[in-house]
Amino acid sequence: MGESVVLDPVDLHLLRLLQNDARTTYRDLAAQVGVAPSTCLDRVARLRRAGVILGHRLELDPAKLGRGLQALLLVQVRPHRRELVGPFVDRIRALPESRTVFHLTGPDDYLVHVAVADMTDLQRLVLDEFTSQREVARVETRLIFQQWECGPLLPSAPSAPSAPSAPGATP
């Protein structure tokens, strides 16, 4: 786990804007935050170097690319030893069907989100790429009916408190 980074209000404002639209130009960011474009560029570069900004990504619709069936695979690896875990994770991450891999606590060691063409493709993936591996003791499959993206990591900034009205003034 990485250490947290100290962020000032300008950094937080930049991050809130970028998480909603990573394609915003530095000029537009600077105008919205109230700093010079060069200052904005320097701050974003510092946030990248510090590992706060991990990158920019393009999201693709798996269904439109012929992978309309998504599933979660709960995988148990035995024995759960470092010399087996590293190559297993590398192999799973290299599969084009793999979307995300989580290392877990509890009875299951991994949760793998996959996107495949259909049930036959899912069966092929489980049998040929997972259970055929000596270290894989068990795989449970959960189909995903629907998924939703959640809100941004940084919620929108709290609105400024309104100034108290003068005594006797009507709102």
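Below or above, wherever it landed, is the structure these notes cover. Being a predicted model, the structure only gives us computed values, none of them experimental.

Calculation rules
- Position numbers for residues count from 1 along each chain, tracking the sequence in the order it is written.
- At least 70 in pLDDT is required for a residue's local features to be given in this predicted model, at least 80 for side-chain atom pairs to be given and counted, and no such filter applies to totals for whole chains, interfaces and linings, which use all residues.
- The side-chain quantities take in all heavy atoms of the structure and omit both hydrogens and water.
- A run of DSSP states H or I qualifies as a helix once it reaches four residues; a run of E qualifies as a strand once it reaches two. Both are numbered from the N-terminal end.
- Based on C-alpha atoms, the radius of gyration is set beside the globule rule, defined as 2.2 Å times the residue count to the power 0.38.
- Buried means the residue's accessible area, taken with a 1.4 Å probe over protein chains only, is under 20% of the maximum for its type, while exposed means over 50%, and partly exposed covers the values in between.
- Any two residues whose heavy atoms approach within 4.5 Å are treated as being in contact.
- The Shrake-Rupley method, run with a 1.4 Å probe, gives the accessible areas here. Residue values count only the displayed protein chains as cover.
- Here the positive residues are Lys and Arg and the negative ones are Asp and Glu; neither His nor the chain ends is included.
- Taken as the charge location is NZ of Lys, CZ of Arg, CG of Asp or CD of Glu.
- Pairing of aromatic rings covers Phe, Tyr and Trp, the last counted by its six-membered ring, and requires centre-to-centre distances within 6.5 Å; plane angles under 30 degrees mean stacked, over 60 mean edge-to-face, and any other angle means tilted.

Re the overall build of the chain
Along its length, the chain carries 5 helices and 4 strands. Ordering the α and β elements of the chain from the N terminus gives α-α-α-β-α-β-β-α-β. The globule rule puts the C-alpha radius of gyration for 171 residues at 16 Å, and the 23 Å found for the chain is more than 25% above it. A principal-axis box enclosing the C-alpha atoms of the chain has dimensions of 75 × 40 × 35 Å. Put simply, the chain has 171 residues, and 28% of those count as buried. Long-range contacts, defined here as pairs at least 24 residues apart, represent 66% of the contacts in the chain between residues at least 6 apart. Carbon together with sulfur atoms contributes 56% to the accessible area of the chain, which is approximately 12300 Å² in total. Within the chain, one finds 20 positive and 20 negative side-chain charges whose respective centroids are separated by 3 Å.

Here we look at the packing of aromatic side chains
All told, the structure shown has 1 aromatic pair when counted by the stated rule. Summarising the aromatic geometry, the rings of Phe 88 and Tyr 110 are spaced 5.2 Å apart at their centres and angled 50° between planes, so their arrangement reads as tilted. With Phe 88 in helix α4 (residues 82-94) and Tyr 110 in strand β3 (residues 110-116), this pair connects stretches of sequence that are 22 residues apart. The exposure classification of Phe 88 matches that of Tyr 110, with both residues buried.

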